[in-house]
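# A closer look at the structure
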Amino acid sequence: MAAKSGFVSFFKRERHPGDLAFAVAFLLLSVFLVSQLGEQAIWAKRTKFFAQPAFWPTISLSGMLLFAVLHCIGSLASPRTPGRGPEVIFWIRSLEYSVWFLIYVWIVPRIGYLGATLLFTLALTYRVGYRTKDMYLGAAAMGVGIVVIFKAFLQVKIPAGQVYELLPDGIRNFMLLYL
(Lines give C-alpha, C1' and ligand atoms only; values in the text may rest on other atoms or scores of the structure.)
Protein backbone atom coordinates (compact mmCIF):
# COMPACT_ATOMS: atom_id res chain seq x y z
CA MET A 1 0.00 0.00 0.00
CA ALA A 2 1.37 3.41 -0.93
CA ALA A 3 2.21 5.82 1.84
CA LYS A 4 -0.04 8.83 2.26
CA SER A 5 1.56 12.14 1.48
CA GLY A 6 0.64 15.79 1.46
CA PHE A 7 -0.85 18.33 3.79
CA VAL A 8 -4.17 16.52 4.34
CA SER A 9 -2.54 13.23 5.28
CA PHE A 10 -0.47 15.05 7.91
CA PHE A 11 -3.67 15.88 9.80
CA LYS A 12 -5.20 12.44 9.23
CA ARG A 13 -2.27 10.49 10.60
CA GLU A 14 -2.55 8.09 13.50
CA ARG A 15 -1.74 9.76 16.76
CA HIS A 16 0.78 8.25 19.13
CA PRO A 17 -0.48 7.77 22.69
CA GLY A 18 1.29 10.77 24.25
CA ASP A 19 1.14 13.05 21.22
CA LEU A 20 -1.56 15.36 22.54
CA ALA A 21 0.13 15.72 25.93
CA PHE A 22 3.44 16.57 24.24
CA ALA A 23 1.73 19.02 21.86
CA VAL A 24 0.03 20.86 24.73
CA ALA A 25 3.25 20.98 26.80
CA PHE A 26 5.18 22.28 23.78
CA LEU A 27 2.48 24.91 23.12
CA LEU A 28 2.55 26.08 26.75
CA LEU A 29 6.35 26.33 26.69
CA SER A 30 6.20 28.28 23.42
CA VAL A 31 3.61 30.72 24.78
CA PHE A 32 5.70 31.25 27.92
CA LEU A 33 8.90 31.91 25.94
CA VAL A 34 7.16 34.33 23.55
CA SER A 35 5.68 36.15 26.56
CA GLN A 36 9.22 36.72 27.91
CA LEU A 37 10.58 38.30 24.71
CA GLY A 38 9.86 41.88 25.81
CA GLU A 39 11.85 41.46 29.01
CA GLN A 40 14.69 39.28 27.73
CA ALA A 41 15.41 40.68 24.26
CA ILE A 42 15.50 44.37 23.37
CA TRP A 43 14.82 46.35 20.21
CA ALA A 44 17.62 48.93 20.15
CA LYS A 45 17.13 52.42 18.74
CA ARG A 46 19.15 53.45 15.68
CA THR A 47 20.08 49.85 14.84
CA LYS A 48 19.40 48.12 11.53
CA PHE A 49 16.38 45.84 11.57
CA PHE A 50 18.29 42.60 10.96
CA ALA A 51 20.97 43.58 13.48
CA GLN A 52 18.49 44.05 16.31
CA PRO A 53 19.29 41.95 19.39
CA ALA A 54 15.66 40.78 19.53
CA PHE A 55 15.26 40.02 15.82
CA TRP A 56 16.41 36.39 15.67
CA PRO A 57 14.95 35.38 19.03
CA THR A 58 11.61 36.82 17.87
CA ILE A 59 11.79 34.97 14.55
CA SER A 60 12.74 31.66 16.16
CA LEU A 61 10.21 31.82 18.99
CA SER A 62 7.44 32.92 16.61
CA GLY A 63 8.24 29.89 14.46
CA MET A 64 8.25 27.70 17.54
CA LEU A 65 4.83 29.02 18.54
CA LEU A 66 3.43 28.57 15.02
CA PHE A 67 4.59 24.96 14.83
CA ALA A 68 3.34 24.26 18.36
CA VAL A 69 -0.13 25.50 17.33
CA LEU A 70 -0.02 23.36 14.17
CA HIS A 71 1.10 20.35 16.22
CA CYS A 72 -1.82 20.84 18.63
CA ILE A 73 -4.27 21.11 15.72
CA GLY A 74 -2.82 17.97 14.16
CA SER A 75 -2.99 16.11 17.45
CA LEU A 76 -6.59 17.11 18.04
CA ALA A 77 -7.56 16.07 14.49
CA SER A 78 -5.91 12.65 14.79
CA PRO A 79 -7.82 9.64 16.05
CA ARG A 80 -7.48 8.83 19.70
CA THR A 81 -5.25 5.92 20.67
CA PRO A 82 -5.07 4.27 24.08
CA GLY A 83 -2.00 4.49 26.28
CA ARG A 84 -1.51 8.23 26.71
CA GLY A 85 -1.14 8.00 30.49
CA PRO A 86 1.62 5.36 30.50
CA GLU A 87 3.54 7.23 27.81
CA VAL A 88 3.42 10.52 29.73
CA ILE A 89 4.54 8.70 32.88
CA PHE A 90 7.43 7.23 30.88
CA TRP A 91 8.47 10.79 29.85
CA ILE A 92 8.29 11.98 33.44
CA ARG A 93 10.36 9.00 34.60
CA SER A 94 13.07 9.95 32.12
CA LEU A 95 13.45 13.28 33.95
CA GLU A 96 15.01 11.28 36.79
CA TYR A 97 18.36 11.50 35.03
CA SER A 98 18.13 15.29 34.92
CA VAL A 99 17.73 15.19 38.70
CA TRP A 100 20.80 12.92 38.97
CA PHE A 101 22.77 15.48 36.95
CA LEU A 102 21.59 18.39 39.11
CA ILE A 103 22.62 16.51 42.26
CA TYR A 104 26.01 15.80 40.66
CA VAL A 105 26.51 19.49 39.87
CA TRP A 106 25.51 20.39 43.43
CA ILE A 107 27.84 17.84 45.05
CA VAL A 108 31.04 18.47 42.99
CA PRO A 109 32.01 21.66 44.93
CA ARG A 110 31.48 19.81 48.20
CA ILE A 111 33.33 16.52 47.72
CA GLY A 112 35.42 17.36 44.66
CA TYR A 113 35.34 16.33 41.04
CA LEU A 114 37.02 12.96 41.60
CA GLY A 115 34.82 11.96 44.54
CA ALA A 116 31.60 13.12 42.88
CA THR A 117 32.42 11.44 39.58
CA LEU A 118 33.30 8.14 41.26
CA LEU A 119 30.21 8.28 43.46
CA PHE A 120 27.90 8.99 40.55
CA THR A 121 29.38 6.50 38.10
CA LEU A 122 28.97 3.81 40.75
CA ALA A 123 25.49 4.99 41.77
CA LEU A 124 24.28 5.16 38.17
CA THR A 125 25.77 1.75 37.46
CA TYR A 126 23.68 0.39 40.32
CA ARG A 127 20.62 2.39 39.21
CA VAL A 128 20.58 0.99 35.68
CA GLY A 129 20.86 -2.54 37.01
CA TYR A 130 24.48 -3.52 36.46
CA ARG A 131 25.39 -5.15 39.74
CA THR A 132 28.43 -7.29 39.02
CA LYS A 133 31.92 -6.67 40.32
CA ASP A 134 33.21 -6.16 36.77
CA MET A 135 30.63 -3.47 36.06
CA TYR A 136 31.51 -1.58 39.24
CA LEU A 137 35.22 -1.81 38.44
CA GLY A 138 34.55 -0.61 34.90
CA ALA A 139 32.44 2.28 36.18
CA ALA A 140 35.13 3.29 38.69
CA ALA A 141 37.84 3.09 36.01
CA MET A 142 35.71 5.18 33.69
CA GLY A 143 35.15 7.76 36.44
CA VAL A 144 38.88 8.03 37.18
CA GLY A 145 39.59 8.20 33.45
CA ILE A 146 37.11 11.03 32.96
CA VAL A 147 38.65 13.02 35.81
CA VAL A 148 42.22 12.47 34.61
CA ILE A 149 41.37 13.40 31.02
CA PHE A 150 39.43 16.54 31.93
CA LYS A 151 41.59 17.83 34.78
CA ALA A 152 45.12 16.71 33.89
CA PHE A 153 45.16 16.55 30.08
CA LEU A 154 42.49 19.05 29.02
CA GLN A 155 43.14 21.25 32.08
CA VAL A 156 39.47 22.06 32.55
CA LYS A 157 39.07 24.37 35.53
CA ILE A 158 36.59 22.72 37.89
CA PRO A 159 36.09 24.07 41.40
CA ALA A 160 37.87 22.08 44.09
CA GLY A 161 35.82 20.27 46.68
CA GLN A 162 35.48 21.62 50.21
CA VAL A 163 36.68 18.24 51.46
CA TYR A 164 40.11 18.95 49.90
CA GLU A 165 40.72 21.52 52.65
CA LEU A 166 40.93 18.66 55.15
CA LEU A 167 43.86 17.00 53.35
CA PRO A 168 47.57 17.51 54.18
CA ASP A 169 49.28 20.25 52.13
CA GLY A 170 51.12 18.05 49.59
CA ILE A 171 48.14 15.87 48.83
CA ARG A 172 45.80 18.87 48.77
CA ASN A 173 47.93 20.64 46.14
CA PHE A 174 48.03 17.51 43.97
CA MET A 175 44.26 17.02 44.30
CA LEU A 176 43.56 20.67 43.48
CA LEU A 177 45.71 20.58 40.36
CA TYR A 178 45.08 17.14 38.92
CA LEU A 179 42.01 15.57 40.50
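Report on the accompanying structure. Keep in mind that this is a model prediction, so the values were computed, not measured. (Residues numbered from 1 in each chain as written. Predicted model: local features only at pLDDT ≥ 70, side-chain atom pairs only at ≥ 80, totals over all residues. Heavy atoms only, no water.)

## Side note on a nonpolar patch on the surface
- A cluster of nonpolar side chains, namely Leu66, Phe67, Val69, Leu70 and Ile73, defines an oily patch on the protein surface of about 430 Å² accessible area.
- Within the fold, Ile73 resides in helix α4 (residues 55–77).
- The partly exposed category is assigned to Ile73, whose relative accessible area is 43%. (Patch = residues over 30% accessible without salt bridge, like charges linked within 9 Å, V, L, I, M, F, W, Y side chains within 5 Å. Areas by Shrake-Rupley, 256 points an atom, 1.4 Å probe, with all protein chains shown as cover. Salt bridge = Lys/Arg side-chain N within 4 Å of Asp/Glu carboxyl O. Helix = DSSP H or I, 4+ residues; strand = E, 2+ residues; numbered from the N terminus. Buried < 20%, exposed > 50% of the residue type's maximum accessible area, 1.4 Å probe, protein only.)

## As for the packing of helix α2 (residues 19–35) against α4
- For the pair α2 and α4, the least separation of the axes is 8 Å and the interaxial angle reads 155°. With respect to each other, α2 and α4 are oriented roughly antiparallel. Seen from above, α2 lies across α4 with left-handed handedness. Between α2 and α4, the residues in contact are Asp19, Leu20, Phe22, Ala23, Val24, Phe26, Leu27, Leu29, Ser30, Val31, Leu33 and Val34 and Leu61, Met64, Leu65, Ala68, Val69, His71, Cys72, Ser75 and Leu76, respectively.
- In terms of residue class, the contact of α2 with α4 is made up of 17 nonpolar, 3 polar and 1 charged. (Axes fitted to C-alpha atoms, helices over the stretch in contact; angles between N-to-C directions. Parallel < 35°, antiparallel > 145°, perpendicular 65-115°, else oblique. Left-handed = near helix turned anticlockwise from the far one by under 90°. Contact = heavy atoms within 4.5 Å. Nonpolar A, V, L, I, M, F, W, Y, C, P; charged D, E, K, R; others polar.)

## Considerations on the packing of helix α7 (residues 133–153) against helix α8 (residues 169–178)
- As a packed pair, α7 and α8 sit with axes 8 Å apart at the nearest point and diverge in direction by 90°. If you check the angle between α7 and α8, you find them roughly perpendicular. Here Val147, Lys151 and Ala152 of α7 lie close against α8, whose contacting residues are Leu176, Leu177 and Tyr178.
- Partitioning the contact of α7 with α8 into residue classes produces 5 nonpolar, no polar and 1 charged.

## Regarding α2
- With 17 residues, α2 should reach 24 Å at 1.5 Å per residue; the first-to-last C-alpha distance of 24 Å fits that figure.
- Residues of α2 that are buried include every one of Asp19, Leu20, Ala23 and Ser30, and no others. Along the axis of α2, the buried residues cluster in a sector spanning 90°; they form a single face. (Expected span 1.5 Å × (residues − 1). Arc of directions from axis to C-beta.)

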